[in-house]
Amino acid sequence: QVQLVESGGGLVQAGGSLRLSCAVSGRTLSNYAMGWFRQAPGKEREFVAAIRWSGAYTSYANSVKGRFTISREGAKNTVYLQMSSLKPEDTAVYYCATRLSSVLDTRPDVYAYWGQGTQVTVSS
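These figures come from a predicted structure and were not determined experimentally.

Student: Help me out: how do you make sense of unusual backbone geometry in this one?
Tutor: Of note in this structure, asparagine 77 is not a glycine but carries a positive phi near 50°. Turning to its location among the elements, asparagine 77 is positioned in the loop between strand 7 (68–73) and strand 8 (78–83). Overall, asparagine 77 belongs to the partly exposed group, its relative accessible area being 21%. Located in the positive-phi region is serine 85, a residue other than glycine, with phi close to 50°. Relative to the helices and strands, serine 85 is located in the loop between strand 8 and strand 9 (92–99).

Student: Even after reading the chapter, I still don't get the packing of aromatic side chains, so can you show me in this structure?
Tutor: Describing an aromatic ring pair means giving the distance of the ring centres and the angle of the ring planes. As enumerated under the stated definition, the model contains 5 aromatic pairs in all. With a centroid separation of 5.1 Å and 50° between ring planes, the pair formed by phenylalanine 37 and tryptophan 114 is classed as tilted. You can see phenylalanine 37 sitting in strand 4 (residues 33–39) and its partner tryptophan 114 sitting in strand 10 (residues 113–114), a full 77 residues away along the chain. Assessed through its relative accessible area of 27%, tryptophan 114 is described here as partly exposed. When the centroid spacing of 6.4 Å and the interplanar angle of 65° are considered together, the rings of tyrosine 111 and tryptophan 114 count as edge-to-face. When its relative accessible area of 4% is taken as the criterion, tyrosine 111 is described as buried. Within the aromatic cluster, the residues linked to one another by ring pairs are Phe37, Phe47, Tyr95, Tyr111 and Trp114. If you follow arginine 45 out to its NZ or CZ, it ends over the ring of tyrosine 95, 3.8 Å from the centre.

Student: Teacher, can you tell me more about the pairing of strand 7 here?
Tutor: For a regular strand, side-chain orientation follows a simple rule: the groups alternate between the two sheet faces. Bridge count between strand 7 and strand 8: 6 bridges; the pairing is antiparallel. Within strand 8, the residue paired with serine 71 across the bridge is tyrosine 80. Between strand 7 and strand 8, which follow one another and run antiparallel, lie 4 residues, and asparagine 77 among them has a positive phi close to 50°.

Student: What is the right way to look at the nonpolar core in this model?
Tutor: In a soluble, globular protein the nonpolar side chains are often hidden away together inside. Trp36, Leu81, Met83 and Tyr94 are the most contacted members of the largest nonpolar core, which totals 33 residues. When residues of this core are traced back to their parent elements, those giving at least two are strand 3 (18–25), strand 4, strand 5 (46–52), strand 7, strand 8, strand 9 and strand 11 (118–123). Broken down by element, this core gets its largest block of residues, 5 residues, from strand 5.

Student: Would you mind going over the pairing of strand 3 with me for this structure?
Tutor: Alignment of strand 1 (residues 3–7) against strand 3, held across 5 bridges, turns out to be antiparallel. Paired with valine 5 across the strands is alanine 23, a residue of strand 3. As paired elements, strand 3 and strand 8 share 6 bridges and run antiparallel to each other. Opposite leucine 18, over in strand 8, you have methionine 83 as the bridge partner.

Quick notes on the rules
Residues numbered from 1 in each chain as written. Predicted model: local features only at pLDDT ≥ 70, side-chain atom pairs only at ≥ 80, totals over all residues. Heavy atoms only, no water. Helix = DSSP H or I, 4+ residues; strand = E, 2+ residues; numbered from the N terminus. Buried < 20%, exposed > 50% of the residue type's maximum accessible area, 1.4 Å probe, protein only. Phe/Tyr/Trp six-rings, centres within 6.5 Å; stacked < 30°, edge-to-face > 60°. Lys NZ or Arg CZ within 6 Å of the ring centre and 35° of its normal. Pairing = 2+ DSSP bridges. Core = buried A, V, L, I, M, F, W, Y, C linked by side-chain atoms within 4.5 Å.

Here it is in structure tokens:
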């Protein structure tokens, strides 16, 4: 059974930075895709960033391009989301997810395994 555990969320002022981590256990990630999504109150879950586990390909939502960076550390089976220049509209619960495919995809429903989420709050 694949388990994903996010950490690193918190309260930060606008313009600040946070780094989210997603520790993966239960399977060798090999060349699968990992994604970060977020969900604000009253809104649908939306794509933030994705990475092929090999690290060769990444994808970002337009709203975070240039501010967020997704990366992975194979030795720790961990995926990171470095968030900089944070804005109040980045406030949401952030989830990591993985799918049984190496294809990067922005649709939440194609990802099979999800973490429990970590809250990010950006104050103005």
